[in-house]
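Per-entry structural report
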Amino acid sequence: MIIAFSVSPSGNPRPDGPAAQSQPGDGSVHDAVAAAVKVVRGSGLPHRTSSMFTEIEGEWDEVMGVVKAAVEAVAPYGSRISLVLKADIRPGHTGELDGKLERLEAALKDQ
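Criteria and thresholds
- Residues numbered from 1 in each chain as written.
- Predicted model: local features only at pLDDT ≥ 70, side-chain atom pairs only at ≥ 80, totals over all residues.
- Heavy atoms only, no water.
- UniProt positions renumbered as here; feature names shortened; annotations may be inferred.
- Core = buried A, V, L, I, M, F, W, Y, C linked by side-chain atoms within 4.5 Å.
- Buried < 20%, exposed > 50% of the residue type's maximum accessible area, 1.4 Å probe, protein only.
- Helix = DSSP H or I, 4+ residues; strand = E, 2+ residues; numbered from the N terminus.
- Contact = heavy atoms within 4.5 Å.
- Axes fitted to C-alpha atoms, helices over the stretch in contact; angles between N-to-C directions.
- Parallel < 35°, antiparallel > 145°, perpendicular 65-115°, else oblique.
- Left-handed = near helix turned anticlockwise from the far one by under 90°.
- Nonpolar A, V, L, I, M, F, W, Y, C, P; charged D, E, K, R; others polar.
- Pairing = 2+ DSSP bridges.

Per UniProt, the protein chain carries the Sequence similarities (unreviewed entry) text "Belongs to the UPF0045 family."

The following block contains the structure:
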């Protein structure tokens, strides 16, 4: 299965969180997102991060465990957390993080 997800804090940082000492800024959440991506990269599962989503591939329980840990890593940065999640559940298929893109590129080349 492939999960594409985006996690972001909002509201005031928790008083004991890493963002509590920072200066008010432009609303950037890159530090919080970096904390989530660090969890994904440490998982050992195939993954890819773009400007708006992180994709991760694996079995249901392991992928959802990583998403949960990523949400927990973002929690100190705000009083609320937004999670957007999209799943491609295709039993018996692995390597689809790259396989889907390879098939798309081949289709574009054939057109």
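After presenting the structure, the write-up continues.
**Regarding the nonpolar core**
Soluble globular proteins: nonpolar side chains tend toward being buried together. Ranked by size, the top nonpolar core spans 17 residues in total, and within it Ile-3, Phe-5, Ile-56 and Val-63 carry the most contacts. Elements supplying a minimum of two residues to this core: strand E1 (2–10), helix H1 (30–42) and helix H2 (60–74). Take this core: its biggest share by element is six residues, from H2. Ignoring any residue separated from it by four or fewer positions in sequence, one finds Val-63 in contact with Met-1, Ile-3, Leu-45, Ile-56, Glu-57 and Gly-58.

**Overview of the packing of H1 against H2**
Their axes nearest at 8 Å, the elements H1 and H2 cross at an angle of 150°. Looking at the two axes, H1 sits roughly antiparallel to H2. The interaxial crossing formed by H1 with H2 has right-handed handedness. Mapping the contact onto sequence places Ala-32, Ala-35, Ala-36, Val-39 and Val-40 in H1 and Val-66, Ala-69, Ala-70, Ala-73 and Val-74 in H2. Among the residues making up the contact of H1 with H2, the classes are represented as 10 nonpolar, no polar and no charged.

**Some remarks on the sheet that holds strand E4 (residues 80–88)**
If you trace the four strands from one edge of the open sheet to the other, you get E2-E3-E1-E4, paired in antiparallel fashion. In this open sheet, the two edge strands, each paired with only one partner strand, are strand E2 (47–49) and E4. For this sheet, the mean inter-axis angle between neighbouring strands, taken without regard to orientation, is 20°. In this sheet, E4 lies alongside E1 in antiparallel orientation, the contact comprising nine bridges. The residue of E4 that forms the bridge with Val-7 is Leu-83. The sheet strands contacting H2 are E1, strand E3 (54–57) and E4, and the helix crosses E1 at an angle near 15°. Packed on one face of the sheet, helix H3 (residues 96–110) meets E1, E2, E3 and E4 and runs near 65° to E2.

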